[in-house]
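Spelled out, the chains give:
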Amino acid sequence: MVEKWLGRPADLRRAYPSKGGVMKTVLPFCVLTLSVFISAMEPLPDYPGAGTGTHYWIDPILGNNSNPGTESEPWKTPDAIETHSFSPGDVVHFLPGTHTSVNSLNLESLTGSSSAWIGLVADGDVTLTHDTSSANCINVRGCDYLYIHGLKIVAHTRGSSDAIKIEQYPSHHIAIDSCVIRNGSCGVGAHNYNGDRTSTDIRVLRCEIYQCDNAIYWGYYETSASSRQFVNNGWI
């Protein structure tokens, strides 16, 4: 068990430069197929105000995306999240089974607050995957105070997409907590384009990441002559 914050100076972390000035941050023993467990030295944090809003359910067996997403009338697939507006304190419960998105599950503008986090949580044994090999399993775009807890997140094809990608749309206070993540080019990738948009306060803890080319990738894509290094601070 590795108990270490990623992003703090430590002998468990190395930065590898590659073409185009991209910086990869990986744990030296978790590249390729080895497993890595990432957790915090501190006790598992709570997420203030989580669950104080509306609760929604997704049932891959009995659900229907035309339903309102209540416990008695749940949605069927994660895609229903993309067409719904959420408020601080809301929680989406994934009921047991395999949940498959058509492409990526795009989490866009899920905006909680410091006193009322938004949660995506597994109620039991839950696998989240997707049908398109070139797509990421989860894209996080412009989300604040969002936590993802207890899911098995499986990218379609190793090497061609990320399991979780925190994209260039600025996000902050994102927690990936107690998840099993596999098959991605990156298990969790945070990407910045041209240095103009930066996500901060990202936390990965109590997760198992394996069968990924890089467990964790913090970097930028250089698309012009002037790019700046991706900035990480706060939690990670």
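Note that the coordinates shown come from a computational prediction; the quantities given were computed from them, not determined experimentally.

## Concerning the overall build of the protein chain
Alright, step 1. When its secondary structure is counted, the protein chain shows zero helices and 20 strands.
Alright, step 2. Counting across all 236 residues of the protein chain, residues that qualify as buried make up 51%.
Alright, step 3. Split by element, the accessible area of the protein chain, about 10,100 Å² in all, is 50% carbon and sulfur.

## Thoughts on the nonpolar core
Alright, step 1. Leu-107, Ile-138 and Ile-153 are the most contacted members of the largest nonpolar core, which totals 41 residues.
Alright, step 2. Considering every element that reaches this core, the biggest residue donor is strand β9 (residues 118–122), with three residues.
Alright, step 3. Discounting residues that sit within four places of it in the chain, Ile-138 has contacts with Leu-105, Leu-107, Leu-128, Ile-148, Ile-153, Ala-163, Ile-164 and Lys-165.
Alright, step 4. Counting eight residues, the second largest nonpolar core, distinct from the first, contains Trp-117, Tyr-145, Tyr-147 and Leu-205.

## A look at the confidence of the model for the protein chain
Alright, step 1. For the protein chain, mean pLDDT is 75; residues scoring 70 or higher make up 69% of the total.
Alright, step 2. When the criterion is pLDDT under 50, residues 221–236 qualifies, and its contacts beyond four places in sequence or with other chains add up to 48 contacts.

## What about the pattern of salt bridges?
Alright, step 1. Going through the model one piece at a time under the given rule, you end up with two salt bridges.
Alright, step 2. One salt bridge in this structure joins Arg-141 and Glu-108, with 2.7 Å as the shortest N-O distance. Pair noted here: Arg-141 is in strand β11 (residues 138–141) and Glu-108 is in strand β8 (residues 105–108), with a separation of 33 residues, a long-range link.
Alright, step 3. The class of Arg-141 is buried, set by a relative accessible area of 19%.
Alright, step 4. Judged by relative accessible area, which is 43%, Glu-108 ranks as partly exposed.
Alright, step 5. Between Asp-125 and Lys-152 there is a salt bridge; the shortest N-O distance is 3.0 Å. Here Asp-125, found in the loop between β9 and β10 (126–130), pairs with Lys-152, found in strand β13 (residues 152–154); they are 27 residues apart in sequence, far enough to count as distant.
Alright, step 6. Taking relative accessible area as the criterion, Lys-152 reaches 33% and is therefore assigned partly exposed.

Calculation notes
Residues numbered from 1 in each chain as written. Predicted model: local features only at pLDDT ≥ 70, side-chain atom pairs only at ≥ 80, totals over all residues. Heavy atoms only, no water. Helix = DSSP H or I, 4+ residues; strand = E, 2+ residues; numbered from the N terminus. Buried < 20%, exposed > 50% of the residue type's maximum accessible area, 1.4 Å probe, protein only. Areas by Shrake-Rupley, 256 points an atom, 1.4 Å probe, with all protein chains shown as cover. Core = buried A, V, L, I, M, F, W, Y, C linked by side-chain atoms within 4.5 Å. Contact = heavy atoms within 4.5 Å. pLDDT = per-residue confidence, 0-100. Salt bridge = Lys/Arg side-chain N within 4 Å of Asp/Glu carboxyl O.

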